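Chain and residue survey
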Amino acid sequence: MKTRRLGAKGPEVSAIGLGCMGMTEVYGPASEDEAIATIHAALDAGVTLIDTGDFYGMGLNEMLIGRALKGGRRDKAFIQVKFGAQRDPSGAWIGYDARPAAVKNALAHTLHRLGVDDIDLYMPARRDPGAPLEDTVGAIADMIKAGYIRHLGLSEVSPETIRAANAVHPVTALQYELSVIERGVLDRQVPVLEEIGAGLTAYGVLSRGLLTGSGGQAVGDMRVHMPRFQPENLARNRPLVEAFQAVAADKGVTPAQLAIAWALAQGEHIVPLVGARTRKQLADSLAALDVALTGEDFARIDAAIPPAAVAGGRYGEHQMRQVDL
């Protein structure tokens, strides 16, 4: 397994991480047995970075990972956890809470569900507008000093917030969406990450399956509500995706491998997260590590999917108001 460092002096992790969100909800039904087998296969292949959130499945995702890490596997994993998103009994999203007491309470439950003594990288899922940033970061810093967390992370925040948080405690990494369809982080946040010596764990590398032609129809699949998967936008995006898939076919790789290889090539401190729910998907994704892209490949990808031509935002209007704070 190739490795990368999260920033100039951050921890060394696998060059590709495993995003576990889809193993419990969001993209429709999933097999728990296959999910655990996929986590085991990832660890056996040298994948160390495991990504989750305490609100994925309202704790079920962490419990799943906890079961997968039993039997001495904890030492093989670098666990990245997002916290703060609030949900009601129906599962609806009802805001964020990153006040100091909430930070410590969420962490306590996460440690219990995962069955571990510490978290490698802990980050608020969004900036909480109701809590001073210094208080949120300060509470995480307190937990780092106490030995419950190893590194501070951020998720979906603005360049200004990255700098402000780093002034309180060194930021190890930012989690943010990145794909050939969604490139904004490269211009806005990545220069700041390079400035402070932090890394990027990139999610949505396959644009939630859009680049591979999947998604949107299963029961419980959140993509039915996402702008890019709405019928009118999907019809406009399909020719772009087909052009991208043609580039992959000409190169003799799968669309997923091309998308992941492109993300890997965007910076040495960028670690793409792949949302593999099966061992087959995982093997396909890891093969991207052996894909070398040429200047001609990049030019063809840019011509296939000019970002300005993509129809629909990555989130709905309400959710977009909660990012880049």
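A brief look at the structure comes next. These figures come from a predicted structure and were not determined experimentally.

With respect to the pattern of salt bridges
If you walk through the whole model with that rule in mind, you get 16 salt bridges. In this structure, Asp-120 and Arg-74 form a salt bridge, with 3.1 Å as the shortest nitrogen-oxygen distance. Linking Asp-120 in strand S8 (residues 119-124) with Arg-74 in the loop between helix H2 (60-68) and strand S5 (78-83), this pair joins segments that are 46 residues apart in sequence. Judged by relative accessible area, which is 17%, Arg-74 ranks as buried. Across the pair Asp-118 and Arg-150 runs a salt bridge whose closest N-O atoms are separated by 3.3 Å. Here Arg-150 lies in strand S9 (residues 149-155) and Asp-118 lies in the loop between helix H3 (100-114) and S8, a separation of 32 residues in the sequence. Taking the relative accessible area as the measure of exposure, Asp-118 reaches 14% and is therefore buried. When salt bridges with common partners are traced through the structure, they connect Arg-74, Asp-118, Asp-120 and Arg-150 into a single cluster.

So, the sheet that holds strand S11 (residues 199-203)
Spatial ordering of the closed barrel is given by S3-S4-S5-S8-S9-S10-S11-S12, a layout of eight strands whose pairing is parallel. Along the sheet, successive strands turn relative to each other by an average axial angle of 30°, direction set aside. Relative to S9, helix H4 (residues 133-145) is tilted by about 160°, and along the sheet it contacts S5, S8 and S9.

Considering the packing of helix H8 (residues 231-251) against helix H11 (residues 295-304)
Packing of H8 against H11 leaves a shortest axis separation of 8 Å and a crossing angle of 160°. Here H8 is positioned roughly antiparallel relative to H11, judged by the angle of their axes. As for how H8 packs across H11, the hand of that crossing is right-handed. Of the residues in H11, those touching H8 at Leu-240, Ala-243, Phe-244, Ala-246, Val-247, Asp-250 and Lys-251 are Asp-297, Arg-300, Ile-301 and Ala-304.

What to know about the packing of aromatic side chains
Taken as a whole, this structure holds three aromatic pairs when the rule is applied. With centroids separated by 5.1 Å and ring planes inclined at 80°, the aromatic side chains of Phe-55 and Tyr-56 adopt a geometry described as edge-to-face. Overall, the relative accessible area of 9% leaves Phe-55 in the buried class. Centre to centre, the rings of Phe-55 and Trp-93 are 5.7 Å apart; their planes meet at 80°, and the pair counts as edge-to-face.

Section: the pairing of strand S10 (residues 171-177)
When you tally the buried positions in S10, you get seven out of seven residues, the bulk of the element. As judged from the four bridges shared by S9 and S10, these two strands associate in the parallel manner. Looking across to S10, one finds that Gly-153 is bridged to Ala-173. As paired elements, S10 and S11 share five bridges and run parallel to each other. Bridge pairing in S11 places Ala-173 opposite Gly-199.

With respect to the layout of surface pockets
Rolled over the atoms, a probe sized like a water molecule indicates the empty space that remains. Counted as a void, the second largest pocket has a volume near 320 Å³. If you trace the second largest pocket, you find 14 residues lining it, with Asp-54, Ala-85, Gln-86, Ala-106 and Arg-113 closest to the centre. Secondary-structure elements contributing two or more residues to the lining of the second largest pocket are strand S6 (85-87) and H3. Ranked by residue count, the leading element in the lining of the second largest pocket is H3, at five residues. Partitioned by chemical class, the residues of the lining of the second largest pocket number six nonpolar, four polar and four charged.

A closer look at the environment of Gly-252
Tracing the chain through its elements places Gly-252 in the loop between H8 and helix H9 (255-264). The spacing of Gly-252 and Val-291 is 39 residues in sequence and 9.8 Å in space, taken between C-alpha atoms.

Some remarks on H4
Relative to the 18 Å expected for 13 residues at 1.5 Å per residue, H4 spans 18 Å between its end C-alpha atoms, a close match to the ideal helical length. Listing the buried residues of H4 in full gives Leu-133, Thr-136, Val-137, Gly-138, Ala-139, Ile-140, Ala-141, Met-143 and Ile-144. The secondary structure elements touched by the buried residues of H4 are S5, H3, S8, S9 and helix H5 (159-168). Phi turns positive one or two residues past the end of H4, at Gly-147, with a value near 95°.

Reading the values: rules and limits
- Residues numbered from 1 in each chain as written.
- Predicted model: local features only at pLDDT ≥ 70, side-chain atom pairs only at ≥ 80, totals over all residues.
- Heavy atoms only, no water.
- Salt bridge = Lys/Arg side-chain N within 4 Å of Asp/Glu carboxyl O.
- Helix = DSSP H or I, 4+ residues; strand = E, 2+ residues; numbered from the N terminus.
- Buried < 20%, exposed > 50% of the residue type's maximum accessible area, 1.4 Å probe, protein only.
- Pairing = 2+ DSSP bridges.
- Axes fitted to C-alpha atoms, helices over the stretch in contact; angles between N-to-C directions.
- Contact = heavy atoms within 4.5 Å.
- Parallel < 35°, antiparallel > 145°, perpendicular 65-115°, else oblique.
- Left-handed = near helix turned anticlockwise from the far one by under 90°.
- Phe/Tyr/Trp six-rings, centres within 6.5 Å; stacked < 30°, edge-to-face > 60°.
- 1 Å grid on protein atoms, 1.4 Å probe; cavity = no way out; pocket = protein on both sides within 12 Å on 5 of 7 lines; lining within 4 Å.
- Points joined across faces, edges and corners; volume = space filled by probe spheres on them.
- Nonpolar A, V, L, I, M, F, W, Y, C, P; charged D, E, K, R; others polar.
- Expected span 1.5 Å × (residues − 1).

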